[in-house]
Structures are given as structure tokens and as C-alpha cells.
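A look at the structure
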Amino acid sequence: MQTDTPSQLPRSKLKSLLAIRDDAPRLSSEWLELMRFLASYYQRPLGESVIGSLPPRLRSVKPLPRKAVATSMASSPQEFKPAHTLTAAQADVVSRASASLGRFEAFLLHGVTGSGKTEVYLHLIARVLERGGQALVIVPEISLTPQLETRFRQTFPGAAIALLHSGLEDVARTSSWLAAARGDASIILGTRLAVLAPLPKLALVLIDEEHDTSFKQQEGLRYSGRDAAVYRAKLAGCPVLLGTATPSLESWSNWQQKRYVRLELPERAVPGARLPEVRVLDLRRETPEQGFTPSSVSAIAARLERGEQSLIFLNRRGYAPVLACEACGWAAGCARCSARMVMHAAAERSREPHGRLRCHHCGAEDAIPRACPTCGNVDLRPMGRGTQRIEETLGARFPAARLERIDRDSARRRSDLNRTLERAQRGEIDILVGTQLLAKGHDFPGLTLVVVLNADTALLSTDYRAAERLFAVLEQVAGRAGRRDRPGEVLVQTRYPEHPLFAALARHDYAGFAQSQLAERKAAGFPPYVFEAALRAEAPKLETAMRFLREAARRVDRPEGVQVYDPVPHVITRRAGYERAQLIMQSSSRPALQAYVGALGAQLFDAAHREVRWHLDVDPIEFD
Ligand SMILES: [Zn+2]
Ligand SMILES: [Zn+2]
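Report follows, based on the coordinates. (Residues numbered from 1 in each chain as written. Chains lettered and ligands numbered in written order. Predicted model: local features only at pLDDT ≥ 70, side-chain atom pairs only at ≥ 80, totals over all residues. Heavy atoms only, no water.)

1. With respect to the overall build of the protein chain
Assigned secondary structure in the protein chain consists of 18 helices and 23 strands. For 624 residues, the compact-globule formula gives about 25 Å, and the C-alpha radius of gyration of the protein chain, at 26 Å, lands near that figure. Principal-axis analysis of the C-alpha atoms gives the protein chain an extent of 75 × 65 × 50 Å. Burial status across the protein chain gives 53% buried among its 624 residues. When contacts within the protein chain are restricted to residue pairs at least 6 apart in sequence, those whose partners lie at least 24 apart make up 77%. The positive charge centre, built from 85 side chains, and the negative charge centre, built from 70, are 4 Å apart in the protein chain. (Helix = DSSP H or I, 4+ residues; strand = E, 2+ residues; numbered from the N terminus. Rg over C-alpha atoms; globule rule 2.2 N^0.38 Å. Buried < 20%, exposed > 50% of the residue type's maximum accessible area, 1.4 Å probe, protein only. Contact = heavy atoms within 4.5 Å. Lys, Arg positive; Asp, Glu negative; His and termini not counted. Charge placed at Lys NZ, Arg CZ, Asp CG, Glu CD.)

2. Regarding helix α5 (residues 117–130)
Under the 1.5 Å per step criterion, the end-to-end length of α5 is 20 Å for 14 residues, consistent within 8% with the ideal 20 Å. Of all 14 residues in α5, 11 are buried, a share of seventy percent or more. Turning to α5, its buried residues number three or more, namely Lys117, Glu119, Val120, Tyr121, Leu122, His123, Leu124, Ile125, Ala126, Val128 and Leu129. (Expected span 1.5 Å × (residues − 1).)

3. With respect to the nonpolar core
Counting residues in hydrophobic clusters, the biggest one holds 109 residues, and the most contacted among them are Leu474, Leu535 and Met585. The leading source of residues in this core is helix α14 (residues 466–478), at 7 residues. Within the second largest apolar cluster, 32 residues are counted, among which are Leu109, Leu122, Ala126 and Val137. (Core = buried A, V, L, I, M, F, W, Y, C linked by side-chain atoms within 4.5 Å.)

4. Quick notes on the coordination of the zinc ion (ligand 1)
Within the protein, the atoms that donate to the zinc ion (ligand 1) are Cys325 (SG), Cys328 (SG), Cys372 (SG) and Cys375 (SG), at distances of 2.3 to 2.4 Å. Around the zinc ion (ligand 1) sit 4 donor atoms; with metal-centred angles ranging over 104 to 114°, the donor geometry is tetrahedral. Along the chain, the residues that donate to the zinc ion (ligand 1) are spaced as C-x2-C-x43-C-x2-C. Note that Cys325 is positioned in strand β10 (residues 322–325) and Cys372 in the loop between β13 (365–367) and β14 (380–383), a separation of 47 residues in sequence. A single burial state applies to Cys325 and to Cys372, both of which are buried. (Donors = N, O, S within 2.8 Å, 3.2 Å for Na, K, Ca; no water. Tetrahedral: all angles 85-135°; square planar, octahedral: opposite > 155°, others 65-115°.)

5. A look at the packing of helix α4 (residues 88–98) against α5
At a minimum axis separation of 10 Å, α4 and α5 run at an interaxial angle of 35°. Between α4 and α5 lies a crossing whose hand is right-handed. Between α4 and α5, the contacting residues are Gln90, Val93, Val94, Ala97 and Ser98 on the first element and Glu119, Val120, His123, Leu124 and Arg127 on the second. A per-class count over the contact of α4 with α5 returns 5 nonpolar, 3 polar and 2 charged. (Axes fitted to C-alpha atoms, helices over the stretch in contact; angles between N-to-C directions. Left-handed = near helix turned anticlockwise from the far one by under 90°. Nonpolar A, V, L, I, M, F, W, Y, C, P; charged D, E, K, R; others polar.)

6. With respect to the sheet that holds strand β16 (residues 431–434)
Sheet strands line up and pair through hydrogen bonds in the backbone, either parallel or antiparallel. One open sheet holds the 6 strands; their spatial order is β8-β18-β17-β9-β16-β15, and the pairing between them is parallel. At either margin of the open sheet sits one strand with a lone partner, and together these are β8 (277–282) and β15 (403–406). The average angle at which neighbouring strand axes cross in this sheet is 20°, direction not considered. Of the pairings in the sheet, the one linking strand β17 (residues 447–452) to strand β18 (residues 489–494) comprises 4 bridges and is parallel in character. (Pairing = 2+ DSSP bridges.)

7. Describing the coordination of the zinc ion (ligand 2)
Around the zinc ion (ligand 2), the protein contributes the donor atoms Cys334 (SG), Cys337 (SG), Cys359 (SG) and Cys362 (SG), at 2.3 Å from the metal centre. One way to put it: the 4 donor atoms around the zinc ion (ligand 2) meet at angles of 105 to 113°, and that makes the site tetrahedral. Along the chain, the residues donating to the zinc ion (ligand 2) are arranged with the sequence spacing C-x2-C-x21-C-x2-C. Taken as a pair, Cys334 in the loop between β10 and β11 (342–344) and Cys362 in the loop between β12 (356–358) and β13 lie far apart in primary sequence, 28 residues in all.

8. Let's talk about empty space enclosed by the protein
Applying the stated criterion across every chain, the model contains 1 cavity of 30 Å³ or more. Its boundaries defined by the atoms lining it, the largest cavity holds a volume of some 30 Å³. When contributions to the lining of the largest cavity are tallied by element, the ones reaching two or more residues are α14 and α16 (510–524). By residue number, the principal contributor to the lining of the largest cavity is α14, which donates 3 residues. Here the residues of the lining of the largest cavity are counted per class, giving 6 nonpolar, 1 polar and 1 charged. (1 Å grid on protein atoms, 1.4 Å probe; cavity = no way out; pocket = protein on both sides within 12 Å on 5 of 7 lines; lining within 4 Å. Points joined across faces, edges and corners; volume = space filled by probe spheres on them.)

9. Notes on the pairing of β18
Where burial is concerned, most of β18 is hidden: 6 out of the 6 residues are buried. Taking every second residue as pointing to the same face, both faces of β18 are buried, with Glu489, Leu491 and Gln493 on one and Val490, Val492 and Thr494 on the other. When β8 meets β18, the two strands line up parallel, connected through 6 bridges. Bridge pairing links Leu281 to Gln493 in β18.

10. What to know about the pattern of salt bridges
Considering all chains together, one arrives at 44 salt bridges under this definition. In this structure, the salt-bridge partner of Arg226 is Asp227, at a minimum N-O distance of 2.9 Å. Residue classification places Arg226 among the buried residues on the basis of a relative accessible area of 11%. The class for Asp227 is partly exposed, based on a relative accessible area of 27%. We note a salt bridge from Glu326 to Arg381, for which the minimum N-O separation is 2.9 Å. With Glu326 in the loop between β10 and β11 and Arg381 in strand β14, this pair connects stretches of sequence that are 55 residues apart. The class of Glu326 is exposed, set by a relative accessible area of 52%. A residue is classified by how much of its surface remains accessible, and Arg381, at 34% relative accessible area, is partly exposed. (Salt bridge = Lys/Arg side-chain N within 4 Å of Asp/Glu carboxyl O.)

11. Thoughts on the environment of Leu417
Tracing the sequence through the fold places Leu417 in helix α12 (residues 414–425). Owing to a relative accessible area of 5%, Leu417 belongs among the buried residues under this scheme. Note: C-alpha distance between Leu417 and Pro373 (44 residues apart in sequence) is 38 Å.

12. Quick look at the sheet that holds strand β3 (residues 161–164)
In spatial order, the strands read β3-β4-β2-β5-β6-β1-β7; together these 7 strands make up an open sheet with parallel pairing. At either margin of the open sheet sits one strand with a lone partner, and together these are β3 and β7 (261–265). Put simply, the sheet's adjacent strands are angled 20° from each other on average, direction ignored. Relative to strand β6 (residues 239–244), strand β5 (residues 202–208) runs parallel, the two sharing 4 bridges. Across the sheet, residue Val205 finds its bridge partner in β6, namely Val240. Packed on one face of the sheet, α5 meets β1 (105–111), β2 (134–138), β4 (187–190), β5, β6 and β7 and runs near 170° to β5.

This is the structure we're talking about:
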């Protein structure tokens, strides 16, 4: 250990060393370089970023639990038992990508749903394990890890696999992290936080469902797990593969600009399996009853008769989004947010026979009022439909069907979710009702029908990314249908059947859709044609937040080529009692924007701002 390195800081700012951990492996300079880059790029202090990247147990000076240190991961990675032989297209992808093992190269693996991307991952990992390297596999959601973990364990019975995500118990996460950091674990599977683990033998990075917005952290170090993983591969000098059926427009444009190499899996892997047929149902012609058009109902009935599965997709959980009084127009709102309370049915909480009101923005809960607080009317009505209400409707319509709902409420306990997903895979469920939790990556062999209930809210959004996300989620959820020999069908209920997004969806034409979206983005000056950062502030009073943003922007000289917009309140202005506003900065030059954001950050960190909470978000994706 070096003791004679002079510090640039004054002695008064230095702290004494309390202890030195010798029960954990030393962190490499390459890893520190990664953390330095992320801290500077995303404008957070290095110390905070480093500490935040460690499992909670390693953040203190207390000795590690013996169980965490003692768990040894012996690996005999030579065993490789693939379940299938590769199709010609898969084999091409594997040979092209594995040709760059040992050097950095970024691949966009654009494979249609059901094209067997996982099989490609497995074969690439096998090549890495042969060479004694580590493979990092990141997925957007914890719920996707059990399925992959099972595949990995079956395929590589001898390999040491470390899971890294926030759903793990402390000790398990610490021992996984240690195994990764020592180089004992040869496959590291996890969510975005796995990207920050030290991996001394890193030889391959795989990012599954790369388009997914969950890769972006929304607090503290607001990093993109996807972008950090690409940077990490560059540091390690190894290939990175970004897999998806619906690439993010950033990645698509990276391919167009030759920064990524595109590899394609244009067909489904199972012989004879085709992409599902998409039909748009015009809600102006077919009047829906309790949320379903007659065509949707008969399509579900036909599946039940044939013993096939249906999936009803609705991106809105709860019973009803609004509880309202028809007599005076009152609607239940959250006292702390500028948002409505969502009515939740009683099913999940038997102690509350009438259900609860819940705010989806701050988590506030309230009892359902017996009467309208404004006019006293006792006949309050739930308006609109959430997954619980759809489940209720289907239960009444098809009483014999085995029905299961999957959303963040039903999946409170991870083990329950996994059990339900396994039952669905075994065909023990006839109708699945769910949110986008169901859309991601799952494989239900018996599923032949997908009904999309309300996609229209996203079409009307002011967020320029809404169309990209809607296309991705619809293509993903549609991709659950007909993955085996029986053909799949997708019904989309909408009031805007002529919308070009649905036409592209019906043709499964991602390239055409991306082309038109990118043309719009270019004309409007949005990413990926410019780089963006946001400065956000929140305070009990909106004016305080707005003033803070105006003054912050005024205090730093704006270089040529950087655009700073006027501060604006968030669409949902008040959340959890705070009024929120933001200002957006843009530039076509990333270095120019970085320099400006850096100067702004330094200036704000130095001054004390007691009356506002603020943060910088580089490459922001949420604007609500
Ligand atoms: Zn009323
Ligand atoms: Zn609220």
C-alpha cells in the first residue's frame, strides 16, 4: 500500500482511515477507471458512486459474514450441454461475434421474437468459458433472471454462476459479488447493478432486451446500465452484444453510423413457427362491452375450446384508474401529488373488504370513501379499467377458465411470480391478464392469442419517446404468441386503427418504423441527433424550484453550440408534497454538453441549496 502519495486536498478535508478490508479482493485500476468515468459522465461524486456500487455488507468496516466469504465457487466450465443445435442464422451470428473475442467490438443482435437469441448467448458463453473468461449477462428485470439462470445451469452444469440484483438477500449478494470480483464466477447474471461489479476476467458482455428503459437508474448515480456495459466492454477489450427484437433508436442509429455491427435473426427458431398475425380492431365500429369487443371475446372463447392460452395485455394495474362522483364531478386525488388515486380491489388485502385507493406516484394509500366528500352522494363510481377489473370481467364471462393476473401487485412476492410464470409455461393457466411485466422475454409454449386492450393513451402522449416504447412493448407482447407450431394471433383494440404505428406492427416492420421515427426526431432536433441532459429541482413551492433553475442557468457561461431551454414544471408537477420543475440542455456535441453540465454541477455542488432538492440527469429518459 502506498503511503506517500501527496493529496491535492487540504489536510482539513481529509479523513482518517478506520480500517482496511482484507477479506475482500482488491479493486483493480480498470474498475476504478470505470467508476471514475461513470461518476464524471453522470455528474455524481466518485466516493458516493463507488460506495453505491458495492453490496450493502461491503459498505461498512464490519467483517463480512463468514458464510459470504466461505462460499467458494469451484468451476469446471468445460461441460457444455446445449439443448438444441443452432439454426443456420444462429450459427452465423455466433461465428461472427466470437471472431472478435479478445478485442472490443459492439454488435446489435436484432432478432425477431422467438428467434432464439438465448441460444446464441449460450454458444457465445461456451466459447468464453473454454478460454477461462468471465461472461457478464445483464437483463432489465429481476423477473427475467430465474428462466435464464435455469437455462444456464442446464447448459453449463459445471460452471459457477453468480446472480447479482437488488432482490437478493444481503449475504447471497455479497458472496456473488465476491465470486465475481475474485474471478471465481464464470457467468455473472444480473440487472444493471451487475455492470458495476469488478470482473477481472471479463471476456464477453451480453445485454438482453437492450431497448428496455429499466436499464437506466433513476436515482443517485443515474447511469444507463446498457451504455455503461458497452463502455465496460471497451475497457476490458472484449465484444459486447446488445440483443433485442425492437432495438432502441439510439442503438439503431449507432448501427447506422457504423459504431455497432448489426447481426440479424430474421426468423423464428422453431421450424414452422411464424410471427403472429396482427389485427387491429376499430373501437369506433365495434362497441366494447366491459373493455372487450365481441371479436376479442370470441377469439378468447375459441382458444379455451382448443385448450390454448390467451394473454390479455393492459398496461394499467389496479381496479380502476379513477374513482369519481357522477353527481358533482369530484374524483379522488392524491393529497401529495397532482395525480388521481387509483382504486385497488380487495383481493390482495383481505382485511380491507372494500379495497383501497392508492397513489401510483408516491405510494400514498387511503380508504375508499363511503360518500362523495363534496356533495355526499353515496354512489361513487370506478371509472375506466385496470388489470384487476379486467380479471373480474373475464372471471364472470369464462367461469371455468383458469385465470391468472400478473402485475406488480400480484407479484409482490418474487417467489409467487416465478411460480405463476412456471405454471403458465406448463400450460396450467388458460388466460393470463397482465401488464408489461408479462411482455418481457417470457416463453409460453401454449399461447396463441394476445389481446391488447388500451394502447391509445401512449399514442396521445406528448413524450417524443412514447411511440418508440409503445411499438417495443406491443411487438414484445405480440411476440409471446405462436412461438411453437400453432400460429399466433394478436388483436389490438384502438380508436386510431389508421395510425402508422399499427400498420408497421402488423407487418412486424421494425426497420420501417425506426426509419420514420428517426426522420421525425431529426426534423425536431431530438436524440439520438442531439445529446440531452436535464437539471431537475423540487421544492415545497413551485416558484422556489423555478427560481433555482433560472438562476443556476444564469450563473454558468453557455458555450457555443449548447442550447439551454427555459425551466418548465413537470407534467405531474406535485409529487409526494414537492413541486417539480426541470430545464433541458441540448447539444449536437457530446463534449460541449459535458463541459457545460460539468461546470453547472460543480457550481451547484459548491453552493448550499437548503430550500431545494436538485439533481442532474445525463441522457434522461423520463420526463414526467
Ligand atoms: Zn359528489
Ligand atoms: Zn401521491
